[in-house]
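A structural walkthrough
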Amino acid sequence: MIDPKGHLRTILMMAVIAAIVMCCSPICQAKTNAKNAPFTVVIDAGHGGKDVGAKGKKTNEKSINLKVALALGRMIEKKYSKKEVKVVYTRDGDYFVTLQGRCNKANKADGNLFISIHCNSVDEKSPRRNTVNGASVYTLGLSRSKENLEVAKRENSVMMLEPDYTTTYCGFDPNSAESYIVFEMNQNRHLNQSIKFAALAQQQLVSHAGRADKGIRQDIFWVLVHTGMPAVLIELDFICNPTVEKYMMSDKGIDQMSSAIFNAFSEYYRSAKKAAKASSN
Ligand SMILES: [Zn+2]
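Per an unreviewed UniProt entry, the protein chain is named N-acetylmuramoyl-L-alanine amidase, and its organism is Candidatus Amulumruptor caecigallinarius.

In this section: the overall build of the protein chain. Along its length, the protein chain carries nine helices and six strands. Within the protein chain, the fraction of its 281 residues that count as buried is 52%. Long-range pairs, those at least 24 residues apart, make up 81% of the contacts in the protein chain with a sequence separation of at least 6. As displayed, the protein chain has an accessible area near 13,900 Å², and 55% of this comes from carbon and sulfur atoms.

The residue Glu245 is located in helix α8 (residues 242-249) in this model. Summary of buried charges: Glu245 has no salt-bridge partner, and the nearest side chain of opposite charge, Lys58, is 6.7 Å away. Setting aside its immediate chain neighbours within four residues, Glu245 contacts Gly56, Lys57, Lys58, Thr59, Phe238 and Ile239.

With that settled, consider the coordination of the zinc ion. Within the protein, the zinc ion binds to His47 (NE2), Glu61 (OE), His118 (ND1), Glu155 (OE) and Glu155 (OE); these donor distances fall in the range 2.0 to 2.4 Å. All donor residues of the zinc ion come from one chain, and their arrangement in sequence is H-x13-E-x56-H-x36-E. Of this pair, His47 sits in the loop between β1 (39-45) and α2 (61-79) while Glu61 sits in helix α2, and the two are 14 residues apart along the sequence.

Bringing empty space enclosed by the protein into the picture now. Inspection of the entire model under this criterion finds two cavities of 30 Å³ or more. Computed from the structure, the largest cavity encloses a volume of approximately 50 Å³. Forming the boundary of the largest cavity are Asp44, Gly46, His47, Asp51, Val97, Leu99, Arg102, Ser116, His118, Glu155, Val158 and Val223. Listing elements by their share of the lining of the largest cavity, those giving two or more residues are α3 (99-108) and β3 (113-120). Its volume calculated, the second largest cavity comes out at about 40 Å³. The set of elements that each furnish at least two residues to the lining of the second largest cavity consists of α4 (146-156) and α7 (222-225). By residue class, the composition of the lining of the second largest cavity is five nonpolar, two polar and one charged.

Interaxial distance between α2 and helix α9 (residues 251-280) falls to 9 Å at its minimum, and their mutual angle equals 45 degrees. In terms of orientation, α2 lies oblique with respect to α9. Helix-helix and strand crossings are classified by hand; for α2 and α9 the assignment is right-handed. Between α2, through Ile64, Lys67, Val68, Ala71, Leu72, Met75, Ile76 and Lys79, and α9, the contact on the second element is made entirely by Ile254, Asp255, Met257, Ser258, Ser259, Ile261, Phe262, Phe265 and Ser266. Looking at side-chain class alone, the contact of α2 with α9 contains 11 nonpolar, three polar and three charged residues.

All right, on to the sheet that holds β1 then. One open sheet accounts for six strands, arranged β2-β1-β3-β6-β4-β5; its pairing is mixed. Among the strands making up the open sheet, the edge pair consists of β2 (85-89) and β5 (213-219). Between one strand and the next, the sheet's axes are offset by a mean angle of 20 degrees, whatever the strand orientation. Strand direction decides the pairing type here: strand β4 (residues 135-140) and β5, joined by five bridges, are parallel. Paired with Leu140 across the two strands is Asp219, which belongs to β5. Set on the sheet, α9 makes contact with β1, β2, β3 and β6 (231-238); between it and β1 the angle comes to about 155 degrees.

Calculation criteria
Per-chain numbering applies: the sequence of each chain, read as written, is numbered from 1 onward. In keeping with the predicted nature of the model, local features appear solely for residues at pLDDT of at least 70, side-chain atom pairs appear and are counted solely at 80 or more, and the whole-chain, interface and lining totals rest on all residues. The side-chain quantities take in all heavy atoms of the structure and omit both hydrogens and water. A run of H or I in DSSP becomes a helix once it reaches four residues, and a run of E becomes a strand once it reaches two; helices and strands are each numbered from the N terminus. Here the term buried applies to any residue with accessible area under 20% of the maximum for its type, exposed to any over 50%, and partly exposed to those in between, with areas from a 1.4 Å probe on protein chains only. Any pair of residues with heavy atoms lying within 4.5 Å of one another is described as a contacting pair. Note on areas: these come from Shrake-Rupley sampling with a 1.4 Å probe, and a residue is covered only by the protein chains present in the view. By the counting scheme adopted, Arg and Lys are positive, Glu and Asp are negative, and His together with the chain ends is not counted. Salt bridge, as used here, is a side-chain nitrogen of Lys or Arg placed within 4 Å of a carboxyl oxygen of Asp or Glu. Coordination shells were defined by N, O and S atoms within 2.8 Å of each metal, extended to 3.2 Å for Na, K and Ca; water is absent from the atom set, which can make sites look incomplete. Here a cavity denotes grid points, spaced 1 Å and computed from the protein atoms alone, that fit a 1.4 Å probe unable to get out, and a pocket denotes an open set having protein on both sides within 12 Å along at least 5 of 7 lines; residues with an atom within 4 Å of a point are the lining. Grid points are joined across faces, edges and corners, and a volume is the space filled by probe spheres set on the points. Residues are grouped as follows: Ala, Val, Leu, Ile, Met, Phe, Trp, Tyr, Cys and Pro are nonpolar; Asp, Glu, Lys and Arg are charged; all remaining types, including Gly, are polar. Helix axes are fitted to C-alpha atoms over the stretch in contact, other axes to C-alpha atoms as well, and angles between N-to-C directions run from 0 to 180 degrees. Oblique is the label for every angle not falling under 35 degrees (roughly parallel), over 145 degrees (roughly antiparallel), or within 65 to 115 degrees (roughly perpendicular). Take the far helix as your reference; a near helix turned counterclockwise from it by less than a right angle gives a left-handed crossing, and one turned clockwise gives a right-handed crossing. Should DSSP find at least two bridges between two strands, the strands are regarded as paired.

And the structure:
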């Protein structure tokens, strides 16, 4: 049975969604890379400055994200020449960058791959806080679970620290499940490549860094929607778990987690180069 009120609500909602998609879409256009340009990897250390991210007992997310991001960049710059690979950071210190600012920087740099680095956490009242653990790598997608949505809400809610966020983010409300419907209309041209890198990174975080496997997941993160390139968001592990936090803040932990992502990058870069060569022949 059709509920006329419900039907009208759906039509109105679709109109609002279409308006928001049209309003938001021009900001995520990426330019095509010139031939022989280096492969540009954009490394995005999540949070920073007044936005500390998730909190552990001794440290916080923004610090670990930055350490892993910088270590990853250094490894890439050590192995590859500037002609081969260019590293761009969305932040290289402890300062605040908006979610859209991160996307703009990545798009302006004509990035070929966007790697967003984060630490996971559960609610402060959760009884799982001291036991939950494991790495997961997200791509943009719609196979949402309640747990995934909680992660997306937390990572997106940083936009509320900006005074004019409703204008910048076109009315998107990070805490409303309905807002996420908007992106069901957004096509992601880069999904296959994003999944490919996500799989490599996930595998490495498990085999090289010894993290428990929470699998590749999909959800709607602002930085994945608005970067016009293959893009992933890595949740390294759970900073709220004191045992895991100890590992994450140790030199060994930083080295293992960053070299796991580096190994995935090397593999991805190798196959991207091969594919580019094959298509130019
Ligand atoms: Zn985060």
